[in-house]
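# Residue-level structural notes
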Amino acid sequence: FPSNVACIIGSSGINAEYGGSGSGPVPVHSADMPLDTRKFITFAEKHRIVLNQILRQSTTPLSDGPFQVLVNHTRVLDFDVKRRYFRQELDKIEETNRREDIAIRVKREHVFEESFRELHRRSPEELKSRLYVIFEGEEGQDAGGLLREWYQIIAREIFNPHYALFTTTPGDKVTYVCNSFSHYNPNHLDYFKFVGRVIAKAIYDNKHLDCYFSRSFYKHILGQPVSFRDMEAEDYAFYKSMMFLLDNDLEECGLDNLEFTMEIEEFGVTETRDLKPNGSNIPVTNANKREYVKLLSQMKMTGSIRSQIKAFLDGFYDIIPRHLISIFSDTELELLISGLPTIDIDDLKANTEYHKYQFSSLQIQWFWRALRSFSQAERANFLQFVTGTSKVPLQGFSALEGMNGVQKFQIHRDDRSTDRLPSAHTCFNQLDLPVYETYDKLRKMLLLSINECPEGFGLA
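Presented here is an overview of the structure given in this document. What you are looking at is a predicted structure, and each value in this text was computed from that prediction instead of being measured. (Residues numbered from 1 in each chain as written. Predicted model: local features only at pLDDT ≥ 70, side-chain atom pairs only at ≥ 80, totals over all residues. Heavy atoms only, no water.)

## Regarding the overall build of the chain
Test applied: Helix numbers and strand numbers start at the N terminus; a helix is a DSSP run of H or I with at least 4 residues, a strand a run of E with at least 2. Note on exposure labels: buried denotes an accessible area under 20% of the residue type's maximum, exposed denotes more than 50%, and partly exposed covers the range between, all computed with a 1.4 Å probe on protein chains only. In this description, contact between two residues means that some pair of their heavy atoms is separated by no more than 4.5 Å. Note on areas: these come from Shrake-Rupley sampling with a 1.4 Å probe, and a residue is covered only by the protein chains present in the view.
Of regular secondary structure, the chain possesses 20 helices and twelve strands. Buried residues in the chain amount to 51% of all 460 residues. For the chain, the share of sequence-separated contacts (at least 6 apart) that also reach a separation of at least 24 residues comes to 69%. Accessible area for the chain stands at about 21,500 Å²; split by element, carbon and sulfur atoms hold 49% of it.

Structure representation (structure tokens):
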């Protein structure tokens, strides 16, 4: 490092000036950020690759070493570096919560209900203890295998339609959102809290679950605001109608009678809610329609399931503190819960459709070359970018689902400026790829798209 930067990151200066690690991420280049911190974060962004390599090789925990300031600026950290810090912090919690192991006694035919009864009465501190599973009527000691099997069964039962807790998103039919009609199950809020605890406990125990949620659901866990772009996968018809509203003059389209309100059905009762204070008296105009779309999208993705989300988060935060989980992005949280997928590039290539491109097109050859050069995590980010989830279909990419059923991965030629980033439409598993002039530019722009996850429209 240059000498001036070395002064900024000297261990005594960082520890003294920036304190502990419990406040969660701070926005990059915040006006309240000390000047030395702003200088270092700017430097860290510029030299991100080298910085992450240094942190991978370091034997000192991030929160204790000379780079402690990055605990509150995790945007510059790669997923594996964040995950390592995350596990170090959980280990500290574990050291202060040494308790006796907890037994879960369940019948295989009633795993969900009986696990709920076993764990619902436990305190958050008790749930951080080691669990061991006893399946009634079966012999065998749990040396870890039965616990893994229990997590697998619970992950399936969470989405059992019998409990009416979750429903698939119409965009991809494989990711889940809270069911707004879950109130038909009288125990639904207790069950949501239980599910929150189970998912957090699986993360705590470093066990992966075969369960995938919508972008907005992950953002709720992280305490991040949902965005208009998230609506594309959750309700494509609504998304298109909002796009029409943004792209056209309201008066010319007869849409000049809208107000900052929305009808919400919650627990079987429909009511009109203001999207902002006094919203029923504020007309939507061409000048404020972007704010209207932003607020309407946020309400649509939270308004009718507010109680369900709160119950889930109450359970989740019982195990993992919000400030600690919030270091991840929504795409990284999915990988933390479900693990890194194994992506067969040859299978994806054999099940790809091209529009205004040919298989022999130079940009297509460069695209597959770039994808093969990606790390496992970058391939997972790419799959999330174009399909909305890192889940690989059990039958391979020939069974990839879209909004209207089986929909293969598509690459569409984008004839607009080559200064544009590639864009995606997750409902259709579609990548819009500009006609880049060189391989290096294509690879760079593709990586920028999948890593930065641009929201578009400035509504995030």
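## Considering the nonpolar core
Looking at soluble globular proteins, one finds that nonpolar side chains tend to be buried together. Filter applied, for reference: By convention a nonpolar core is built from buried Ala, Val, Leu, Ile, Met, Phe, Trp, Tyr and Cys residues, the set being connected through side-chain atoms within 4.5 Å.
Judged by nonpolar contacts, the single largest core of 79 residues is most densely connected at Leu70, Phe86, Trp150, Phe166 and Ile325. In terms of residue count, helix H9 (residues 188–204) provides more of this core than any other element does, ten residues in total.

## A closer look at the sheet that holds strand S12 (residues 430–434)
Strand pairs in the sheet, formed through backbone hydrogen bonds, run parallel or antiparallel to each other. Rule in force here: Here, any two strands with at least 2 DSSP bridges between them count as paired. To get an axis, fit a line to the C-alpha atoms, keeping to the stretch in contact for a helix; angles then go from 0 to 180 degrees between the N-to-C directions.
Read from one edge to the other, the open sheet built from four strands follows the order S7-S10-S12-S11, with strand pairing classed as mixed. The outermost strands of the open sheet, each flanked by one partner alone, are strand S7 (352–355) and strand S11 (423–425). Neighbour-to-neighbour, the strand axes of this sheet turn through a mean angle of 25°, independent of strand direction. Bridging between S7 and strand S10 (residues 409–414) involves four bridges; their strand directions are parallel. Residue pairing in the sheet places threonine 352 in a bridge with phenylalanine 409 of S10.

## A look at the side chain of histidine 412
Mapped onto the elements of the fold, histidine 412 is located in strand S10. According to the relative accessible area criterion, histidine 412 is buried, its value standing at 18%. Excluding residues within four positions of it along the chain, histidine 412 makes contact with His355, Tyr357, Gln430, Leu431, Asp432 and Leu433.

## Some thoughts on the pattern of salt bridges
The condition that has to hold: Salt bridge, as used here, is a side-chain nitrogen of Lys or Arg placed within 4 Å of a carboxyl oxygen of Asp or Glu.
Taken as a whole and assessed by the stated rule, the structure comprises 30 salt bridges. The salt bridge involving aspartate 205 is made with lysine 201; its shortest N-O contact spans 3.1 Å. For lysine 201, a relative accessible area of 5% puts it in the buried group. Here the salt bridges do not stand alone but share partners, grouping Arg48, Arg56, Asp78 and Asp80 into one network.

## A closer look at empty space enclosed by the protein
Condition: With a 1 Å grid laid over protein atoms only, a set of points is called a cavity when a 1.4 Å probe fits there but cannot get out and a pocket when it is open yet has protein on both sides within 12 Å along at least five of seven lines; lining residues have an atom within 4 Å of a point. Grid points are joined across faces, edges and corners, and a volume is the space filled by probe spheres set on the points. Residue polarity is assigned by list, with Asp, Glu, Lys and Arg as charged and Ala, Val, Leu, Ile, Met, Phe, Trp, Tyr, Cys and Pro as nonpolar; anything else, Gly included, falls into the polar class.
This structure, assessed with the given rule, holds four cavities of 30 Å³ or more. The space that makes up the largest cavity amounts to roughly 50 Å³. Ranked by residues supplied to the lining of the largest cavity, first place goes to H9 with four residues. Within the lining of the largest cavity, the residues separate by chemical class into seven nonpolar, no polar and two charged.

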